[in-house]
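Structure assessment
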Amino acid sequence: MGKPMTLQERIDQALAKYQIVESPHNPRVHKARASVDLKVAYTDLEYLGEVGIGTPPQVFRMNFDTGSADVWVPSVFCTQVCGLHRRFNPQGSSSFSGDVNNTWTIRYGDGSSVLGYVGEDYIQIGDVRSPNETIGLVTYESFKFTNDRYMDGIFGLAFPSLSFTKRNTTVAEQMYDQGLIDSPTVSFYLNNDGGKVSFGEIDSAYYTGEIQYIPTTQKQYWEVNINSIRVNGSDIPGSAQSALVDTGTTLIILPVDVSDTIHANIPNAVYRPSFGWLLPCAFADDQSDNAVDFFIGNIQLSIPYHSLVRTVRASNETDEPLCLSGIAGAETTQSILGDTFLKVYFTVFNYRTASIGFARSINP
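Numbering of residues begins from 1 in every chain and follows the order in which that chain's sequence is written. This being a predicted model, a pLDDT of at least 70 is required before a residue's local features are given, and a value of 80 or more before pairs of side-chain atoms are given or counted; all residues contribute to the totals for chains, interfaces and linings. In computing side-chain properties, one takes all heavy atoms of the structure into account and sets aside hydrogens as well as water.

Attention now moves to the side chain of Ser 325. Each helix corresponds to a stretch of at least 4 residues labelled H or I by DSSP, and each strand to a stretch of at least 2 residues labelled E; elements are numbered beginning at the N terminus. Its location among the elements puts Ser 325 in strand E21 (residues 322-325). Taking the relative accessible area as the measure of exposure, Ser 325 reaches 5% and is therefore buried. Pairing of N or O atoms within 3.5 Å defines a polar contact, subject to two protein rules: one partner must be a possible hydrogen donor and the other a possible acceptor, and residues neighboring in sequence count only if both atoms are side-chain atoms. Looking at Ser 325, its side chain comes within polar contact range of the main-chain nitrogen of Ile 327, at 3.1 Å. It only takes one pair of heavy atoms within 4.5 Å for two residues to be counted as in contact. Apart from residues lying up to four places away in sequence, Ser 325 is in contact with Leu 251, His 263, Trp 277, Leu 279, Leu 308 and Arg 310. Exposure is judged per residue with a 1.4 Å probe applied to protein chains only, and the accessible area is read against the type maximum: over 50% gives exposed, under 20% gives buried, and values in between give partly exposed.

Within the fold, Leu 342 resides in helix H6 (residues 339-342). Relative accessible area serves as the criterion here: at 3%, Leu 342 is assigned to the buried category. For the pair Leu 342 and Ile 303, spaced 39 residues apart in the sequence, the C-alpha separation amounts to 9.6 Å. Apart from residues lying up to four places away in sequence, Leu 342 is in contact with Leu 190, Val 245, Asp 246, Thr 247, Leu 337, Thr 347 and Phe 358.

The next point concerns unusual backbone geometry. A cis amide bond links Thr 55 to the next residue, Pro 56, at an omega of -5°. Assignment of secondary structure puts Pro 56 in the loop between strand E2 (46-53) and strand E3 (58-65).

The subject of this paragraph is the pattern of salt bridges. One speaks of a salt bridge when a side-chain nitrogen belonging to Lys or Arg is within 4 Å of a carboxyl oxygen belonging to Asp or Glu. Applying the stated criterion across every chain, the model contains eight salt bridges. With its nearest N and O atoms 3.8 Å apart, the salt bridge here joins Glu 50 to Arg 86. Pair noted here: Glu 50 is in strand E2 and Arg 86 is in the loop between strand E4 (71-74) and strand E5 (97-107), with a separation of 36 residues, a long-range link. What makes Glu 50 partly exposed here is its relative accessible area of 46%. Across the pair Glu 173 and Arg 352 runs a salt bridge whose closest N-O atoms are separated by 3.0 Å. With a gap of 179 residues between them, Glu 173 in helix H3 (residues 171-177) and Arg 352 in the loop between strand E24 (345-350) and strand E25 (355-361) connect regions that are remote in the sequence.

Before going further, it helps to spend a moment on the confidence of the model for the protein. Confidence in the prediction of the protein, expressed as mean pLDDT, is 89, and 88% of residues score 70 or more. Contacts for the low-pLDDT stretch residues 24-31, under 50 throughout, to residues beyond four places or in other chains number twelve contacts. The score called pLDDT rates the predictor's confidence residue by residue, from a low of 0 to a high of 100.

Turning our attention to the state of the cysteines. Pairs of cysteine sulfur atoms within 2.5 Å are what we label disulfides. Within the structure shown, the criterion is met by two disulfides. Across the disulfide, Cys 78 is cross-linked to Cys 82 (sulfur-sulfur distance 1.9 Å). Measuring the twist about the S-S bond at about 90°, one finds the Cys 78-Cys 82 disulfide to be right-handed. Each member of the pair, Cys 78 as well as Cys 82, carries the same accessibility label: buried. Here Cys 281 pairs with Cys 323 through a disulfide, and the sulfurs are 2.0 Å apart. Classification of the bridge connecting Cys 281 and Cys 323 rests on its S-S torsion, roughly 115°, and on that basis the disulfide is right-handed. Of this pair, Cys 281 sits in the loop between strand E17 (276-278) and strand E18 (291-296) while Cys 323 sits in strand E21, placing them 42 residues apart in sequence.

What follows concerns the nonpolar core. Core analysis: the biggest nonpolar cluster contains 71 residues, and Phe 64, Phe 155, Phe 199 and Phe 341 have the highest contact counts within it. The residues contacting Phe 199, other than those within four sequence positions of it, are Ala 34, Phe 64, Ile 125, Phe 155, Leu 157, Val 171, Ala 172, Met 175, Ile 181, Thr 185 and Val 186. For this analysis, a nonpolar core means a set of buried residues of the types Ala, Val, Leu, Ile, Met, Phe, Trp, Tyr and Cys, connected via side-chain atoms within 4.5 Å. Listed in part, the 16 residues of the second largest apolar core include Leu 48, Val 81, Cys 82 and Tyr 108.

Another point: the environment of Phe 275. By secondary structure assignment, the location of Phe 275 is in the loop between strand E16 (270-272) and E17. When the C-alpha atoms of Phe 275 and Leu 324 are compared, they prove to be 7.3 Å apart, with 49 residues separating the residues in sequence.

This part is about the packing of aromatic side chains. Aromatic pairs are defined between Phe, Tyr and Trp rings, using the six-membered ring for Trp, whenever the two ring centres lie within 6.5 Å; interplanar angles under 30 degrees are classed as stacked, those over 60 as edge-to-face, and all others as tilted. Applying the stated rule across the entire model yields 20 aromatic pairs. With centroids separated by 6.4 Å and ring planes inclined at 65°, the aromatic side chains of Phe 64 and Phe 199 adopt a geometry described as edge-to-face. Of this pair, Phe 64 sits in strand E3 while Phe 199 sits in strand E10 (residues 194-199), and the two are 135 residues apart along the sequence. The same class applies to Phe 64 and to Phe 199, which are both buried. Relative to Phe 358, the ring of Phe 341 has its centre 5.9 Å away and its plane inclined at 80°; by these criteria the two rings are edge-to-face. Separated by 17 residues along the polypeptide, Phe 341 in helix H6 and Phe 358 in strand E25 bring together distant segments of the chain. Among the residues examined, Phe 358 registers a relative accessible area of 1% and is labelled buried. Through a chain of ring-to-ring contacts, three or more aromatic side chains come together here, namely Phe 159, Phe 188, Trp 222, Phe 349 and Tyr 351. Only lysine NZ and arginine CZ atoms are considered, and such an atom sits over a ring when it is within 6 Å of the ring centre and within 35 degrees of the ring normal. Here the basic side chain of Arg 129 rests over the ring of Tyr 122, its NZ or CZ set 4.2 Å away from the ring centre. Between the NZ or CZ atom of Lys 144 and the centre of the ring of Phe 145, over which it lies, the distance is 5.8 Å.

Next comes the structure, spelled out in structure tokens:
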């Protein structure tokens, strides 16, 4: 669906979002399911799901993003630059409250931006409706967002300390405190075709084994410490560093030297400047134990070679497909564990314990 981004565009977008420049609870009755099916757009660049806002619900296609903290959608007051996106009409919701003078702006590191004003209304996830949720109503968005044919808005899932609309709690925690969901968590199951995001529910149908939890370094981004990375029994020098766990980033992004050393230890991996690292296409069908092993906290999380292969069509239809690596290098000391990683592991983000749980997905 749509034109795929180049490797460098994906890296630049991921780093820019983070302003990185290269060089115990009470038992409650579960009343309804707060889950949304996700669909893929732009060759796994975005995982989008439908969210209802207001009374009656106005439906938007949103990107559930653990790398940002605000929930925003275009409003009917965005008349010139919001493209064909769905727009929220405050007058069409009997439960809306807001002040056009309570404004906010987000400027991302890649130059893109949105601005608007803050409102409050119901947010509906699946069958669950949560009142008095803070929502950013966009009156202007830059062309990067305007040109996105599929995504209407962003559903930020990072901690409130990063919020530009001055959220004082997360949607999951607010639902939990109202007794609408069973736990203050958001879980993700991702695959090549889509997936599911669930609030307050950890569905064992999507993973095998036990969920193992790792503490985050602080309540801002979902950040963990990588102790080491290993390939074919060899530790990769310089691989001990912090990493952001981000559903809004496609690739695993590591410092260039670390990425290069990993690929140098993978048989027949080849680097091409136009595409980055290429892997043998035969790896896509390789069900062996060959993997890149990440040691995070006290657990080992292995990414099989076949899960690293991202097959794309060659520019010339007579040529063989290209098999790109899901690991990319960037001139930064900040690593990002994006969807290449999260498609292998069912992931639970727990707000109250500030920890991330991982269990092997049913289709790694």
